[in-house]
Amino acid sequence: MNEIRHFDDLLQAARVQRERQRLLLVFAGSELPDGATAQQRADFERGEGGALVPLMCVDKWPDEAESFAAVVRESSEYELPGQPWQLVFAAALSGDADQGPSDAQTDQALNRMVEAIKGGDLGGYLPFDRQGRPVALGRQA
């Protein structure tokens, strides 16, 4: 598969890999950073800007996630009132042909992913919006 145009494409790609894959998912919202300017506050009120905040994370074997719609339904069971997620960051952790990554390897990778997102290091992850579409994140001056 050459291009990921929807989260379901990622699921399909993970299912056909020779090595067993575990998908790592971090659901993030945004908040206004401390010391925000008036312009940043106005932008945030319009739904723009803000600092990414990991809200919850989960790992899934590709066959455990039927579709993006199923992932969204499951995530809604754990969303806190007033803290909806806006983006889900995805990554895949490879095992070998017979066995996927261990629980310990998966937990370590998820923790690193959460910390990276908190620190704004987003380069190794695929962000998707609530409709499952990939999102291009850029820095604003």
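As the structure is a computational prediction, the values presented were derived from the model and not from experiment.

1. Focus: the overall build of the chain
Then comes step 1: The secondary structure content of the chain amounts to four helices and four strands.
Then comes step 2: Counted from the first residue to the last, the chain has its helices and strands arranged as α-β-α-β-α-β-α-β.
Then comes step 3: Here the C-alpha atoms of the chain give a radius of gyration of 16 Å, agreeing with the 14 Å that 2.2 N^0.38 yields for 141 residues.
Then comes step 4: Considered along the principal axes of its C-alpha atoms, the chain spans approximately 55 × 30 × 25 Å.
Then comes step 5: The buried share among the 141 residues of the chain stands at 35%.
Then comes step 6: Of all intrachain contacts in the chain linking residues separated by at least 6 positions in sequence, the fraction that spans at least 24 positions is 75%.

2. Here we look at the nonpolar core
Then comes step 1: If you look at the biggest cluster of nonpolar residues, it comprises 16 residues, and the most contacted ones within it are Phe 7, Leu 25, Phe 27, Trp 85 and Val 88.
Then comes step 2: Elements supplying a minimum of two residues to this core: helix 1 (7-15), strand 1 (21-31), helix 3 (68-76) and strand 3 (87-94).
Then comes step 3: Per-element tally for this core: the top contributor is helix 1, with four residues.
Then comes step 4: If sequence neighbours within four positions are ignored, Leu 25 has contacts with Phe 7, Met 56, Cys 57, Val 58, Lys 60, Val 71, Val 88, Phe 89, Ala 90 and Leu 110.
Then comes step 5: Phe 89, Ala 109, Leu 110 and Met 113 belong to the second largest nonpolar core, which has 14 residues in total.

Rules and cut-offs
Residues numbered from 1 in each chain as written. Predicted model: local features only at pLDDT ≥ 70, side-chain atom pairs only at ≥ 80, totals over all residues. Heavy atoms only, no water. Helix = DSSP H or I, 4+ residues; strand = E, 2+ residues; numbered from the N terminus. Rg over C-alpha atoms; globule rule 2.2 N^0.38 Å. Buried < 20%, exposed > 50% of the residue type's maximum accessible area, 1.4 Å probe, protein only. Contact = heavy atoms within 4.5 Å. Core = buried A, V, L, I, M, F, W, Y, C linked by side-chain atoms within 4.5 Å.

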